[in-house]
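A look at the structure
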Amino acid sequence: MIKRLNLVHGPTPVVTSRALNRLVGCELYLKRDDQTGGAEAGNKIRKLEYLLSEAVALGSNVVITCGGVQSNHARATALVARQLGMRAVLVLRSESKNDQVLTGNLLLSHLSGAEIRFISRAEYANRTTLLQTIAEELRANGETPYVIPEGGSNGLGALGYVDCIEEVVKQAELGLLPRTVDTVVMACGSGGTAAGVALGIARFGFAKRADAFAVCDDKGYFETQIAKIVGEATLRRPDLGSPATLTIHDAFKGPKYGEMDALQLAFLREVAATTGFVFDPVYTGKALYGFAQLEEKPNTALFIHTGGLPGLLAQAAIFAPAVEPNVDPADEPPDLTQAASAFAPTGDAALTGV
Ligand SMILES: *Cc1c(COP(=O)(O)O)cnc(C)c1O
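Summary of the structure given here. (Residues numbered from 1 in each chain as written. Predicted model: local features only at pLDDT ≥ 70, side-chain atom pairs only at ≥ 80, totals over all residues. Heavy atoms only, no water.)

This part takes up the site of the ligand. In the vicinity of the ligand, 16 residues are found, and the nearest of them are Lys44, Lys47, Ser190, Thr193 and Thr306. Asn72 is positioned with one of its side-chain polar atoms (N or O) 2.9 Å from an oxygen atom of the ligand. Thr306 is positioned with one of its side-chain polar atoms (N or O) 2.6 Å from a nitrogen atom of the ligand. Every element with two or more residues in the shell around the ligand is listed here: helix H2 (44-57), strand S7 (183-188) and helix H8 (192-204). Its residues assigned to classes, the shell around the ligand comprises three nonpolar, eleven polar and two charged. (Near = heavy atom within 4 Å. Polar contact = N/O pair within 3.5 Å; in protein donor to acceptor, adjacent residues only side chain to side chain. Helix = DSSP H or I, 4+ residues; strand = E, 2+ residues; numbered from the N terminus. Nonpolar A, V, L, I, M, F, W, Y, C, P; charged D, E, K, R; others polar.)

Relative to the assigned elements, Gln171 resides in helix H7 (residues 155-173). Excluding residues that lie within four positions of it along the chain, Gln171 makes contacts with Pro11, Thr12, Pro13, Val14, Lys31, Leu176 and Leu177. (Contact = heavy atoms within 4.5 Å.)

Another point: the packing of aromatic side chains. Across all of its chains, the model carries five aromatic pairs by this definition. Centre to centre, the rings of Tyr257 and Tyr283 are 6.1 Å apart; their planes meet at 75°, and the pair counts as edge-to-face. One end of the pair, Tyr257, is in the loop between strand S9 (245-249) and helix H10 (262-275); the other, Tyr283, is in the loop between H10 and helix H11 (284-293), and 26 residues separate them in sequence. Relative accessible area serves as the criterion here: at 29%, Tyr257 is assigned to the partly exposed category. By relative accessible area, Tyr283 is classed as buried at 17%. The ring of Tyr283 carries the charged tip of Lys44 above its face, separated from the ring centre by 5.6 Å. (Phe/Tyr/Trp six-rings, centres within 6.5 Å; stacked < 30°, edge-to-face > 60°. Buried < 20%, exposed > 50% of the residue type's maximum accessible area, 1.4 Å probe, protein only. Lys NZ or Arg CZ within 6 Å of the ring centre and 35° of its normal.)

Another point: the side chain of Thr12. If you trace the backbone, Thr12 turns up in the segment before strand S1 (14-15). Here Asp33 takes part through its side chain, which lies 2.7 Å from a polar atom of the side chain of Thr12.

Here six strands make up an open sheet; going across it, the order is S1-S2-S10-S7-S8-S9 and the pairing mixed. Each edge of the open sheet carries a strand with a single partner, namely S1 and S9. The sheet contact formed by S1 and strand S2 (residues 27-32) spans two bridges and is antiparallel. Note on S2: the bridge partner recorded for Val14 is Lys31. Where H7 meets the sheet, its contacts fall on S1, S2 and strand S10 (300-305), and the angle it forms with S2 comes to roughly 120°. Here helix H9 (residues 219-236) sits on the sheet in contact with S7, strand S8 (209-214) and S9, set at roughly 145° to S9. (Pairing = 2+ DSSP bridges. Axes fitted to C-alpha atoms, helices over the stretch in contact; angles between N-to-C directions.)

Right, let's get into the pairing of S9. Pairing of S8 with S9, which is carried by five bridges, proceeds in the parallel orientation. When the bridges of S9 are listed, Phe213 appears paired with His249. Viewed along the sheet, the connection from S8 through H9 into S9 turns out right-handed. (Right-handed = clockwise from strand over helix to strand, strands pointing away.)

See the structure below:
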């Protein structure tokens, strides 16, 4: 038995919504892995259950990982490491000072007391070597570092998503969703979630295929990366067997990583406004949009909502104009009489008790 910590507030809910089905065009079940925790929520803590368990077992006092400047993974790692009495060194890719504003994930990582080191895009290309170099540095100082790869995506971390599918299968046995679905859908940023899902759905016979929507890189990159992660995971758990068929879609990445085009933004807004479910602009919003665009839609699907809310909050400026049309509050003071009458039951409404 491979050891793991108990970090996920599970089982996370599986919900369905007619309004969402209408927008997406199939019978969709939403796995709320955006609710795996509080400030540390999202898909990463399923992977961290295994990774940080190993870190603890090895007597580590410091965890080193990397990601984009608004990395959900770095934030979750920093918070949970601190909860476990370890410190974190986060190596974050930053384009300029402008994206180093303390907001969203970066704010939470900062609050956790993590040591944050910004690096350029060019330096980030050598991230794997860089993390090892930092580990050597810390070892030379008498510390015991534990290195977690980008996104927590290695064979050990991916086991967290085999567990997620096992959890879903138990929920299906309780009648919360069908025993099988046509496909399991998710965003793909470093491949660990997709690898675990493909292994899990094959192992538990929950779906014949999975569809992963790339938010960076491309199909070829992820096929190689995921095959590697699957290989590592099955070495650790030989009972897993072969993964299910996994299709990587790379046509819905938008203008670039972290940025949506106008149609994607409009979709994200419409989904939130008509269903009350909030998706993020970096991962889940692009995956749901991409899935909704597919020409051949399955009948039933499980969509894994992997989180990302802090990333949305960090992009408030992009959404502000649409939410609040350019009205300067100084020009138009609020109409208090109207606001008051909205709360006072008067006229017909009061008489009929509506
Ligand atoms: C990291 C992340 C993903 C992608 O998961 P990978 O396992 O890295 O492919 C999807 N959604 C959110 C919100 C994430 O933070």
